[in-house]
Amino acid sequence: MILSYYRAVRSYIVAILNQKGGCGKTTVAMQLAAALAREKLRVLVVDADPQGTAARWSASAPENDLFPADVIGLSIAESKVHQELKKFMGKYDWIIVDCPPAVENKSSQSALLVADLAIIPVIPSPPDLWAAVGIRELITSVASINEGLQSALLPNMCQTNVAISKDALEVMKDFGIPTLKSRLHLRTAYRQSAALGGHVFNLGSKAKPAIKEISSLKREVKRMLAKQEKA
């Protein structure tokens, strides 16, 4: 009975973070949240970035087609983000945290204390991999406290047939953090859905490649956390 109750109130917390801005954190957070919400799951996006991009994104949605996940701003909570997140556990099935682009930011450190998974979107290029080193060190540090924390690199804004991207993807294998099998490419559909306050699933067949990528990411994330729960 106790176990079944725990599962009934279980919330998965996924932190999306990187040291470098422009890596597509908010895009990943919002598209993943939308994909999960389309399965009739209760999803909350927590905008912990002072720039407030996720909050502005959802606010741009038309009244007749609201963003399918709830979005709240918590950047002012800083070192108390983890305490604020606990208030929503059980009320939502999934909580996606869009963290600020700064390894020293207290919001990022706080979110990782209660996160089940940290996803680091990385553009496959040497400068972006160098920037991600600080996040790797932060995750390693927090993992000594949050022993259940998993982490993974997500290749983002990939460009087909670009040699430097292929080389960087090879380097990721030795980065010290697992790399997701899912890949997000540089596509107009992602920018277009953000401008409309929506998600790629709104765009129909013309966004089919992007829809396939986000659906793959959703499935992979769900498998990772389901496997962790069984362990």
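Now for a quick tour of the structure. (Residues numbered from 1 in each chain as written. Predicted model: local features only at pLDDT ≥ 70, side-chain atom pairs only at ≥ 80, totals over all residues. Heavy atoms only, no water.)

**Examining the sheet that holds strand β6 (residues 150–155)**
Then, in step 1: Spatially, β3-β2-β4-β1-β5-β6 is the arrangement adopted by the six strands of the open sheet, whose pairing is parallel. The open sheet has two edge strands with one neighbour each: β3 (70–73) and β6. Strand-to-strand twist across the sheet, computed as the mean angle between neighbouring axes with direction ignored, equals 20°.
Then, in step 2: Helix-sheet contacts for helix α2 (residues 25–37) involve β1 (12–16), β2 (43–47), β3, β4 (94–98), β5 (117–122) and β6, and the interaxial angle to β4 is about 165°. (Pairing = 2+ DSSP bridges. Helix = DSSP H or I, 4+ residues; strand = E, 2+ residues; numbered from the N terminus. Axes fitted to C-alpha atoms, helices over the stretch in contact; angles between N-to-C directions. Contact = heavy atoms within 4.5 Å.)

**Some thoughts on helix α9 (residues 188–195)**
Then, in step 1: What α9 keeps buried is the set Ala 189, Tyr 190 and Ser 193. Looking straight down α9, one finds that the buried residues subtend no more than 100° of arc, so they occupy a single side. The exposed set on the far side of α9, more than 90 degrees from its buried face, consists of Thr 188, Arg 191 and Ala 195.
Then, in step 2: Backbone geometry just downstream of α9 places Gly 197 in the positive-phi region, at approximately 70°. (Buried < 20%, exposed > 50% of the residue type's maximum accessible area, 1.4 Å probe, protein only. Arc of directions from axis to C-beta.)

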